[in-house]
Structure formats: structure tokens, C-alpha cells
Amino acid sequence: MHTKSLGQQGLQRRALQGSLSHAPGSSARVCPLDKHARNSRRVEARAGPTTTTKSDSGGSDSQAPADGSGAGAMAAKISAVASKISAARELARRLAEEKQAAGIASGRSATDTLTPPAENGNATRAEALARALKKAETTRDSLQRLKAENEALRDLLVELASDKAAARNRINAVEQAAVKAVETRMVAAVTAGADVETVTEHPAAVAGSVTGGSGSGTSLEEAPDVGTTATPFIPEPEEMGPEPEAPQIPVTAGRPVESAQAAAATATPSPPMEPSASPASATHFYEEEASMPEPEEQAPQAPEAMAAALEAQEAQQQQTASYNDVMHAAAAAVAALPAQQAPAQPAVREQPKAAPQAPPEPPKQPAAQQQAPVAPPAPAPPTRAPTPKPAPAGAPVEPQVLPPRAPTPQQARGPESADRIMATPPQLQQLANLVMGTGQRVSSIPPQPVAINGPVRVFYNRVKGPLPPNGSLVLKLGLNRWDGLQDLDMKLADHLPCDQNQEWWEVVVALPAELFRVDFVVYDKRSGAYDNNQSKDFQLQLAGAPSEEELLEARLAAFRAWDEQRVRYLEAENARLWRAVEMAGLEAASLARIAFRQRREAEVRAEAAATVSERRRPEVNALQAADRAQGVFAWTTPPIAGKKAFLAFNKHKSPLEHSNTVRVHVGYDGWWNQVKQVYDMALMPTNEVIHGGLMGPRAAHDHTQQWYGCLVDVPHSAAVLDFVFSDRDQRTWDNNNMKDFHTRIQGALTNEELTDILATALRKESAERDQEGEDRAAKRAQRKAAVKGEALKKRRSAINTFLYTVPYMPAAGQKVEVYYNPDHTPLRGRPNIYMRAGWNRWSLAQGFQAAAPMSPTLSPKLGFWRGELTVPEDAWGMDLMFIDTNNPQQATGFFDNNGGLDYHFPVARQHAAAAPGGALPAQPSKLRQPLRIVHVAVEMAPIAKVGGMGDVVTALGRAVQEEGHAVEVILPKFDCINYNLVENLRQEGSFSWGGTNVRVWRGMVEGLPTTFLEPENGHVWRGCIYGRNDDHVRFGFHCGAALQYLKSYNVKADILHCHDWQSAPIAWGDKGPARTVFTIHNLSYGADLVGRAMAACDVATTVSPTYATEISGSGAIAPHLGKLYGIRNGIDADVWDPANDPHLPMAYGPDNAGEGKWAAKRALRQRLGLSGADVPIVACVTRLVAQKGIHLIKHAAWKTLERGGQYVLLGSAPDPKVQGEFNALAQALKAQYHDRVALVFQYDEPLSHLIYAGSDMFLVPSMFEPCGLTQMIAMQYGAIPIVRKTGGLADTVFDVDHDEDRAAAAGMETNGFVFESTDAPGMDYALNRALNMWYSNRGGWGELVGRAMRMDWSWFSPALDYIELYYKAMRT
């Protein structure tokens, strides 16, 4: 009896709590009151400083305010109540043990209890009814006792409100209503003929029959009262374990915390867990849910709020649709059928075995079809970010940051076992009849509302709908407002009749966990007819589902957590790469020092050798030299290098015979450098004359000999001594009849020895300057490495917003994970994503791999998708593109190939972790074969420069060459070229072309191999590059000769790069297998030739993105616009570098720009005769042609001077009329502002450098400008540009007041002043703002100068873009 009483008590309390049952597949729950107590403690803990105290029961710590406030006391009370709850649980466990012991002692099987003998059935039923009523009385007593134990807890919760009485009245009313409902359901169950033994022994089954029916497998908790959302409560990790059943709090949708507080006051402790609740299921639930975060804590609500929540709950119950009422009634009717009519589905579930089994693992889905939930059903908060799986073998050790992985495909599920959707044919027919009676044509098992995260059978009556007969029906399912679509084939319901009133079709739908709404329509596959419920669609009512806002918040939180991991991973990898950049910078600096020393040593040796060669020239060696001349001079001691020697001179019979004094003038090596030593000679005594062998003893009194002598210092480096004699006044000379006297020096140094000595002297003389130069070279190399690193980082960052790999640099022979976010690409919104991979620019034998599926990392297809590849052993590069289908025959036109360039990643020869210390990534493979690019042009800086084309040819060629590719330039051998700037120029044969002989010359120009073609027909012997009426003929001949040269000399070019109309014929010439890239520098000239080249070339470029847009409508461009790419030009950072500019008085950079620019400004003013007033200098360096906006250049001069500034112009006009206008302007300006204006009408390279450095503002008011270089050079030198917004000017200058967003979109910062109109007021707006800032905000101006100087205008990044286009051309 005690056992049955306990079962009856469990039935009452389960009916009261209205929670999910513990049928197989359901999940155990923890006590929400205990959880609410902990939440209350957290709320109190946030109120102020706390101290930690132990609870009475020795449980978890509680928090109390340190100041002993009322909130702390309340927290202590709540902790005490939690202890009582633990005691109640312990009592429940003891009662469960007693029940189990009593059941064993009874010796009766469950079958005997459920099936009484038929002959005395009435008596047994009466006796059972009496026992049930007696147990009900005992149950009521137990209920009252347990309720009394919980009274203190209710008081504490109500005390949290300001009006305890009002809250208590409301709580009591709800409690009485709930108890009454329990009693009513018990009586209904007994009077309906349900077996009493079933009621007492298996209250869960009876509770299910009251609401959902045993046939459907749905218990009372699975189908809660109308209007109540049964929401699973999330346990905390410390609560994991085989806890007893706890009451479930009804929750109002969308307000979980308020509902929990309102319902907590009426809850009672639960009895021990029923045997029907599988412990294995409970354990599985804890394992899956243990890591889920708790709901956000909120402060207790006022009684008005609690009452409002309860009223809203009741209103929701009253407003439930009649369709739900019908479904519940049908379920109750089916459950009431006699047992013999439902043999296939017993009313009682088996008892679990002694050793419970873990629930079977659900079948795995394909990666592309998995939808892993990111959050439990609402109102639970979103899950934490998925834990990344361990890195594969060899993964980087530092840093410990890996990109996020997709969550586990199968998360903890609700009741999804097969018996949830099972029903016998009589049950199905009964359900169908009730549904048809209401005029509905759709039903489901389990009845609606159905629990999410599990299966549901959907039935559709075709006869009651508009669909034609004899068709094949499909249910089109839309999840979450049709966010996800599925087509599910339906089948005829075999166990239901088919007649004129009914033809039932069914399908099983798997509902995911992330679900707030289910819509569906039914259509006929054959005819295409739809039944969309009269344009309202059909809906499944859901139980336990989150609201749309909660689900979106959960997804957003999961996405943010995932993205935070991604950002940390990319930041860590970028930090690793930047360390590599820093090390590369240090190595480059060290190599630059070595190179500087080697270069300087070579220069010193060359200078010394040149000096020796000139000093000991053949004329010196041919001099008639002697140690003595009889009776004229003699060296009494031989002249030895580096020593003193005695020279004697006989003035008798010489021009000095009548002079009283003698002086000797000594030089060396043919009077080298006019260096002389002067010695006064003294009359020698006779004995010294004799002793010196100048005359014998007999001639001692010979008056015809008068010897004078002196000691002479013999230079250490001299080979020949040169000397002449004079009197002291240097009026009379003896210079050996204009041939001078010469004597060779004994022990003279060889030429090599002398070279060494001179080189040492030169090194010592230039040591300080050389050290400064070496330091500058090292800084320049380090800065260049940093600029490259920043450019690569910027390019990586732009790609990494939607594409990256793990490892960051794939390794040959290893697996690589590819992460791709289609939301930022043309594949946004596509249901499936596939990636196609190739290797080594699609050239590897493995070739173009089949499309590999990618799977979303977050459900539902949120954020990044993931795919995996294996890198071949011989790969040096990985190539990727993305599509929305894996069937090439079903191309939809949705693909992402990076605008035709594809995505490319370098491949390392070893994994990053193999690098020393794991600190640096692996290096790219060296297997890559370099491209061979040949430029065909008619200009090349600095030897043949007219416009910007020459700068591009040289600087682009050098930048591409630095990336490891082979570059050559083919140029006409104009007779006006400065060949002193060509290194190692030599002729290498000739060939015939166009009826003439063409000589081939080769040399090096700025480090680029350059080939000069010199036809003997006179085309290049004109004294100029342009200006002849036959330029198109001459340049056309050059193009044909260049193609013939490639054939004759077997030059295997991959790419022929031709420039503008001058070399456009290359594009359609006979070029063999080579591909052509055609660059438009200025469409104003040769449009016809440009159009023909656009049609013939493989890829076309122009010199800025904006200019590409501006010329896109041209007739020469529009038909071939798909080939055109705009790439900004760069400047030669080695030439235009204020930190290493020989034309400046002081080297400077961004950090000392103020000092450096002031020195340059002072030097500029001195050179141009400007005053030294502290005013801004506005400068302009340009050709004076209409394109450059000459009317605005004139206006700017007057405007600047009116505002108190100084104006400098450097340039000339090819049009004499325009030049005359500027000559007149110069006179007018000088007359009024003589010391504040300077107009120089010639090109002066050194002066241009000084103007860039010394000016504060730089004016470029072009009417159109394909790219422009002067504005970038100006910023490099710290001169702020004032430009018109056109062409390349718009791509490089961003207004400080208006272009922050535009600059950010381009990955740059504001750096100048911009205007758009072509009139003077428009330019005045920009010029005035610049002058105002200079005058009133010097600090801000200094920051602007530094910002502009730090920008990268080098050719490094544009060169990478050109290399990408070269590879694209090869694939075309």
C-alpha cells in the first residue's frame, strides 16, 4: 500500500508541475527553486562588496554584502532554504528506496497487477477503487506535509516583493486552481475505466493518457496545459548527477525570469524519480547540457509584475485556438480505448533494466546537411562558443589560439524516440475522424503543440484540399519564417481508409532545436498545384520553442563568440607574420649595411684606381728622367721613396748664373695636382762638392762651377720627381728648356700599392659620411621591409574578412582547412557552397580538382563555411574558387573567383611548427618557376623619359623583378638617350627586319636588363623621341622589330607587356605562345590603336581604378570592358625618399618632418630669393598644358598671395602662347609680390626635390588625370596635396573634412584637401581650408604631415596586382 500511495502522490505532483515526463529520450531536471536561490545570490553579490560564508548544510558558498545590509540577510535566508530543499531531496530518495523494497516484497509481477482475472473483474475493480481512494487521502496528507516544508521558501520569495500580501493572495489562488485541476484529472482517469493498478504503479503513463494518450507516446509533461510553454531548465555543472525529479516551473514565453519567480512560490518538492525515467537518459542530458551557460540573472520583480505575468499566462491559456482543443480531445479519446483494441501499443511502459543503457547515438549526417544547434530552446540563453578541436599533428605551438570549429553535429535532444510518433490504426482513425469533424485537413502526432528537437508525423487530407487526385504529394517545409527550405516526399497513410471524404498522406518531419516557427505547404509533384491554406500557409504549433528574438540573440551570441575566436587566431597569425617581417627587416638592414660597405669600397677602390691611372699615365712613364746631368744637377744621395735626398745644382752657365740666390721647386709624377715643395738652396763648400763627386780635387779652384744644394723630402707615393730652379724672387727660372728636370725614385710603389694607399686615405677622409650613409641604407632597407609587410598585411586583412586557412600557410603534403564566408561575396544566400582547388597557378598535374563540399560552422548556415583539402607534395601555391554546385553541367552563374583572378595562397615546404622555436611560419616553397616578362616601350626613366610612361616601365619592372621574376625591356636606341646612365652597354649582333639591318645592343638600366634595337633606316636618329610626323610609322616598325628579335634570339617570353598606342601593335602581332598585357596610360592619344589592342590583348590595365571607370564608356574600351583593370601607379621610393635625398640640406622622415622641412624651406627660399617670413609655401610642379588646369594654376597664385602665403611654380609650356601668358603672369606677380613668388619655367630635377621638401601645400588642379605622380611624391616629402577629384587623384587623396568613410573603405586615412568643380570657387574652397588649418592649427597640421608621409605609395602592392594579372593572362 505504501508503494501505491507513493505512486498516487507522484501522479498528483506531476499533474501540478506540468513538466516534461521522464520517458525514454527525455531529460532529467534539477530543482529550479534551488537554481533560483543561486541566481538570487548572484544578484545580491553584484550589489556591492561581498564576503563569503558557508551555508548551514555545508553546501555551496553564499554571498552576503560586507556591510551586513538587508540584502545580505536575505541571501543568507535563501541559502538556508536551499538547505531545506536538499533535505527534501534526501527524503524523496528514502521514499523511493522504500517503494522499491515494498514492490519486491509484494512478489507480484506487473502483468498480474495490470491484468486481473476476468471472472471476478467487478469485485477486483471495486476493491481497487477503494484502495485508490484511500491512497488519495494518504497522498493529500503527504502533500500537505511537503507543502508545509516549503512554506518558508515561499515566504522568502514573496518577501523580495514590496507588497507581500498581494503576492501571497495571488499565489494561493493559483495553487488552489492547480490542486483542483489535479483532483479533477484523477477522478476523470479513474471513472473512465483506467486500471487502478496502472494509476498507482505507473502515474506517468496515466498522466500521459489524460493528455496525449499512450498510443502517441506523449505524456502529460510532453503536452502541457493549453497556453503553457514547457521549457527545459538548464542545469549548472555543479548540479550534475543522479538528482531526483524536480518540479518544473511554468514559464511565460519571452519572460523566463519573471515567470520562474511567479511560479516558484507555488511549487512543491517532488517525490523521487520514477522508475520509468531512464537514468541513462538523465545522464546523457547532463553530459550534453553541463557546459551550457545559465540564464541571465535578474532582480526579483515587484508583486504587480508577478501578478501581471500570471495574468498574461492565463490570458494565453484562454486564447488557445480550437484546433488545439480538438487535438487534445482526440488524444484523450484514443487513450480511453479498451486495451484489446490497441494490442500493438501497450498502455504501460516497461520498467528499466537494472543496468541502464546509454541512449543510442543518432545517425551521423553528411557534413553538408548537418545543422548543429547553437543554443537550447528558449528561454535558455545561447550556448557558449564551440570548443575548437585539438590542432592536428605538427600544428603551431605558439600562440595557443586556433580558429573555431563547427559545433558537434548532434547536440542534446528532447523526446525524439520512435514511440513519440507511433499510434495504432484505431487511434489514427479516431484522430482522423475528430479532425475531419472540425473541417481541418492537417493533423500531427504528437498533437500540437509539438516539442522541438524531435520528430513529428504530419498528416494531410488531400480530399479536403485543392490538390488534384492521382498525384504525388510533397510537403515543402519552411523553418523559421522560411529561412530554411526542405522538400519532403509524402506517402499514403496505409492504416487509414481512402474514400470520398478522406485520403490521408503523411510524412515524418525532424524538427531541429533552433526553431521558433514551422510553416509548410503541400504541392502536387506532377501538376505543380499548391495548397497553401488560402495563402496563409500551414503552421505547426510548437512547445518549448524559443521566440524569434531569443533565437536570433542566441545565434548572434554564438556567432560573436565564434568570430572572437577567429579574430584571435588571425591576430595571432598576423603577429607571427609580423615577427617574420621584423626579422626580415633586421636581415635586410644587415644586408644593406654589407651592400653599402661593398659598394662604397668598390667606389673608393675605383676612385683610387682612377687616380693612380691618371697620376701614372703613360706620359709620366715616358718622361726623360735621370739622376744627374753633368755640370747641371746631381743627387748626391739617391732619391728613395719616403726619405730625404740631397740635390745639388750648378748655377754656372744657367739662367741663374747672375743670381745671388737659388731656389728649387719640387713636384712629383708629372706635377700631379700641381703640388709643389719649395726649398732654398745654399752654396756648397768645396770639400762637400768634392766629397759629393760633383768635381775632382784638381778643379777645386774652378770658378766655372758654383754648386748649391739642399735636402729634399721624397714623397712616399711618388714615382718620379719633377723639379725646376729659380731665384728667390722667382723672376729667373731654369726649367731645362721648358722640359723640366725629372728623376725616377728608387723603391717607388707599384700601381696596386699606390691604389691601396689612396683608398685608405679616401676611407679615412669619408669615414663619418660613410657611416651616416650606411645607417641610412640600413634604415631604408628596414623601412622597405616594413612597408612590404604592411602592404601584405592589408591585403591579407581584406581577404581574411571572408577567407582564411588553417594552418595559415598551407604545407605541402599536409591537410589544410579552408574557411569561407559567402555573406561577403557573390555567393551570399546560396544554399550550398563548394570549393574548387588547384595548385601552382592551376598548372600542377593534379589539376583542377572536383568541387569539394563545404559545411557551415554555425547553424543555420551562419557565418563561415568549412572545407578540407590535402596539399600535394610538389605544390608551391594553392588556388581556390567557390561555386554553389558540384555539377559543372548545372552551372547557375553563381561563383566567386575574385573577379577572375581567383584566390591564391603560398604553400610552405614544411609545416609552420617545424620552424625553429615555432615562432615563425614556414617559408614559401622555392619550387615556383618565375615568369619571364618583356616590356616593349618607347620610354624608360631615366634615360628616355618624356611622361609618366617612362617611370612606370622602369619602376614596375624593378618591382616585379624583386618578386623573383625575370624582366627585360626592349627600347629603341634613340640617339638622344644619355648612354652614360646605361651600364655595360655592348652590341650583340644584328638581324634583318623590314628591309634593313637592325643592330642589337644590351645593357643595364636601373638594374633592369635592357635591349636596344637600332635599325639602320634612320628611324631612331632624329635627335628626339617624339615630335616627328611619322611617329606612328617609326614606333610601328619598332614593334615589328621587337617581335622579330624575340624569334631571332629565341627569347621565350611568358608575357609581353605593351604600353599605350606606341607599342599597341605588339598585341596583334605574331608573338607565338606569349600572352599580352596592354596598359593604357592616357586615352587622349591614339584611340584607334588602343581599341585594336584592347580587342587583341589578353588582359588590359590602366593606371588607376577611377580612371578605368572614367574611360569605360569610350568606344575603344566599352566592347572589351571585361578585360580592363585599374591599378594605381606607384612612385620609385628609392629615388623619391627624403631620408636619402642628396638634393636636400637635411635627411628627414615622418618623425622629424618639422625640422627637415624647415631646413628645406630655408634652402628653397635662399635659392629662389623669397623672404624668410613664417608663412606657408604653396607649390606646383607640372607641365603647363590645358589638362593640368592652367587657369586654376594662375588663380591659385593670386589667391595664395592674397592670403599671405608664398607661391612657387616649376614647369614649362610646349605651347608658345601659353608660355607667353605665364611670362606675363610672372612679371605681374613679381611687380606686386617681389619676395613672395617665384615662377621657374624650365625643368630642374634637383630644384623639384627641394620644392617638394620645402613646400607646405602642393597644388594639382588637373581637369583629368589618369593617375598622377606628383601628389604622391608630395606626400612622401610631407607636402599636403590640394587636388581636384578625378582619376588617380581621387584614388590617392582623401579630404580631411569629408572623406573619412571613403578613405576607410580604401584602407587608408585622410591626407589632403579635395575639390570637385573645375572653376575657381571650387578650388578656393579647398585652398582656403588648407591655409586656415596651417595658420590656426599647427599641431593638427603636423599630425597631417606625419600621416601623409607614412602612407605607402611604393610600387610593391601595385606590382603584386600586375603579377596576378600576368597569371590571369596565362590562363586566358
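One can find the structure itself at the top, above this paragraph.
Not measured: the values here are computed from a predicted model. (Residues numbered from 1 in each chain as written. Predicted model: local features only at pLDDT ≥ 70, side-chain atom pairs only at ≥ 80, totals over all residues. Heavy atoms only, no water.)

Points about the pairing of strand β3 (residues 442-445)
Side chains Val442 and Ser444 project from β3 onto one buried face, and the interleaved Ser443 and Ile445 project onto a second face that is buried too. When β3 meets strand β5 (residues 454-461), the two strands line up antiparallel, connected through four bridges. Following the sheet pairing, isoleucine 445 is matched in β5 by arginine 457. (Buried < 20%, exposed > 50% of the residue type's maximum accessible area, 1.4 Å probe, protein only. Helix = DSSP H or I, 4+ residues; strand = E, 2+ residues; numbered from the N terminus. Pairing = 2+ DSSP bridges.)

Side note on unusual backbone geometry
Note: most residues except glycine have negative phi, and most peptide bonds are trans. For the peptide bond that leads from glutamine 448 to proline 449, omega is 0°, which places it in the cis range. If you trace the backbone, proline 449 turns up in the loop between β3 and β4 (450-451). Of note, the bond from alanine 941 into proline 942 is cis; its omega dihedral lies within 30 degrees of zero at 0°. Of note, proline 942 is situated in the loop between β32 (932-936) and α20 (948-962). Although it is not a glycine, aspartate 740 adopts a positive phi angle of roughly 60°. The topology assignment puts aspartate 740 in the loop between β21 (733-734) and β22 (741-744). Not every positive phi belongs to a glycine, and aspartate 902 is a case in point at roughly 65°. As for its placement among the helices and strands, aspartate 902 is situated in the loop between β30 (895-896) and β31 (903-906). Classification of aspartate 902 by relative accessible area gives buried; the value is 4%.

Observations concerning the environment of glycine 670
Looking at the secondary structure, you find glycine 670 in the loop between β17 (662-668) and β18 (677-683). In this structure the C-alpha to C-alpha distance between glycine 670 and glutamate 619, which are 51 residues apart in sequence, comes to 8.1 Å. Apart from residues no more than four positions distant in its own chain, glycine 670 is found in contact with Arg617, Val620, Leu623 and Asp722. (Contact = heavy atoms within 4.5 Å.)

Comments concerning the nonpolar core
If you look at the biggest cluster of nonpolar residues, it comprises 82 residues, and the most contacted ones within it are Ile943, Phe1012, Leu1013, Phe1078 and Tyr1366. Top contributing element to this core by residue count: helix α33 (residues 1356-1371), with nine residues. Excluding residues within four positions of it along the chain, phenylalanine 1012 makes contact with Ile943, Leu971, Pro972, Lys973, Ile977, Tyr979, Val982, Leu985, Arg999, Val1000, Trp1001 and Val1005. Counting residues in each nonpolar core, the second largest holds 76 residues, with Leu1209, Val1237, Leu1259 and Ala1330 among its members. (Core = buried A, V, L, I, M, F, W, Y, C linked by side-chain atoms within 4.5 Å.)

Points about helix α22 (residues 1087-1096)
Count 3.6 residues to each turn of an α-helix, and residues three or four apart come out pointing the same way. Those residues of α22 that sit buried are Val1090, Gly1091, Ala1093 and Met1094. One side of α22 carries all its buried residues, which in axial view fall inside an arc of 165°. Its buried side turned inward, α22 meets β38 (1075-1080), β39 (1099-1102) and β40 (1124-1126). (Arc of directions from axis to C-beta.)

Thoughts on the state of the cysteines
Throughout the structure, instances matching the rule amount to zero disulfides. In this structure cysteine 976 is not part of a disulfide, and its nearest cysteine sulfur, from cysteine 1024, lies 6.6 Å away. (Disulfide = S-S within 2.5 Å.)

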